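# Structure assessment
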Amino acid sequence: MTGNVPFPDRDTVAEKLAALSEADKSYLALLMENAAQDDNLLDGLRRHLDLAAKSHFLNSLKLENLGLWLGTKAPHRLQIRLMETARSSQHPAYQAFRTGLSRSGGLEKAYPPGP
């Protein structure tokens, strides 16, 4: 079977976001450097947040830290899309991620308020 499976696939990205070790951070930072990978990164983020939302134990601090890290490290072009993803659900998993993303100030750095 030969299909067009994007590289990296959303499950791989979701696993990296869940673990968020130093090696995973380096991998994700490299992924964010390539604008052609934005959709794969966001698909993996949605997968990770959906899995967190379905889990029996919600580690909101870890999700908040993920939002803080992504908001700090993601390039300007991704900031609005990250916030849209964070706001796409009212589930506590998404809310924890959104809290960290907001705390990072990434959106404000990318799009400073006018005078």
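The text that follows walks through the structure, step by step, so that each part is easy to find. Along each chain, numbering runs from 1 in the same order as the chain's sequence is written. Confidence filtering applies because this is a predicted model: local features only for residues at pLDDT of at least 70, side-chain atom pairs given and counted only at 80 or more, and all residues used for totals across whole chains, interfaces and linings. Processing note: side-chain calculations cover all non-hydrogen atoms of the structure and skip hydrogens and water entirely.

### Notes on the overall build of the chain
The criterion, for reference: Helix and strand definitions follow DSSP, with helices as H or I runs of at least four residues and strands as E runs of at least two, each counted in order from the N terminus. Relative accessible area decides the class of each residue, using a 1.4 Å probe on protein chains only: under 20% of the type maximum gives buried, over 50% gives exposed, and in between gives partly exposed. Here, two residues are considered to be in contact whenever any of their heavy atoms come within 4.5 Å of each other. Per-residue and other accessible areas were derived by the Shrake-Rupley procedure at a 1.4 Å probe size, with only the shown protein chains allowed to occlude residues. Charge assignment: positive for Lys and Arg, negative for Asp and Glu; neither His nor the chain ends contribute. Charged side chains are reduced to one point each, which is NZ for Lys, CZ for Arg, CG for Asp and CD for Glu.
Each helix and strand counted, the chain has seven helices and zero strands in total. Oriented by its inertia axes, the alpha-carbon framework of the chain measures out at about 55 × 35 × 25 Å. Out of the 115 residues belonging to the chain, those deemed buried represent 38%. If you take every contact in the chain between residues at least 6 apart in sequence, the share linking residues at least 24 apart comes to 71%. Surface exposure of the chain reaches about 6,800 Å², of which carbon and sulfur atoms provide 55%. The average position of the 14 basic charges and that of the 13 acidic charges among the side chains of the chain differ by 4 Å.

### Details of the side chain of His48
Mapped onto the elements of the fold, His48 is located in helix H3 (residues 38-54). Look at His48 and you get buried, because its relative accessible area is 11%. Ignoring sequence-local partners within four residues, the contact set of His48 consists of Ala14, Leu17, Ala18, Leu63 and Leu66.

### Overview of the layout of surface pockets
Here is the rule: Only protein atoms enter the calculation, which uses a 1 Å grid: trapped sets of points that fit a 1.4 Å probe without letting it out are cavities, open sets showing protein on both sides within 12 Å along at least five of seven lines are pockets, and any residue with an atom within 4 Å of a point is a lining residue. Grid points are joined across faces, edges and corners, and a volume is the space filled by probe spheres set on the points. Lys, Arg, Asp and Glu make up the charged group, whereas Ala, Val, Leu, Ile, Met, Phe, Trp, Tyr, Cys and Pro make up the nonpolar group; the residues left over, Gly among them, are polar.
Taken as a whole, the largest pocket encloses approximately 200 Å³ of empty space. In terms of lining residues, the largest pocket is bounded by Ala14, Ala18, His48, Leu51, Ala52, Ser55, Phe57, Leu58, Asn59, Lys62 and Leu63. Counting residues per element, the ones that place at least two in the lining of the largest pocket are helix H1 (10-19), H3 and helix H4 (60-73). Residue contributions to the lining of the largest pocket peak at three residues, all from H3. Grouping the amino acids of the lining of the largest pocket by side-chain chemistry returns seven nonpolar, three polar and one charged.

### Some details on the packing of H3 against H4
The cut-off we apply is this: Working convention: axes come from line fits to C-alpha atoms, limited for helices to the stretch in contact. Angles between N-to-C directions cover 0 to 180 degrees. Oblique is the label for any angle not under 35 degrees, not over 145, and not in the 65 to 115 range, which are roughly parallel, roughly antiparallel and roughly perpendicular in turn. Handedness of a crossing follows from how the near helix is turned relative to the far one, being left-handed for an anticlockwise turn of less than a right angle and right-handed for a clockwise one.
At a minimum axis distance of 12 Å, the contact between H3 and H4 shows a crossing angle of 165 degrees. When the axes of H3 and H4 are compared, the pair comes out roughly antiparallel. Both H3 and H4 take part in a crossing whose hand is left-handed. From H3, Leu45, His48, Leu49 and Ala52 reach across to H4, where they touch Leu63, Leu66 and Leu70.

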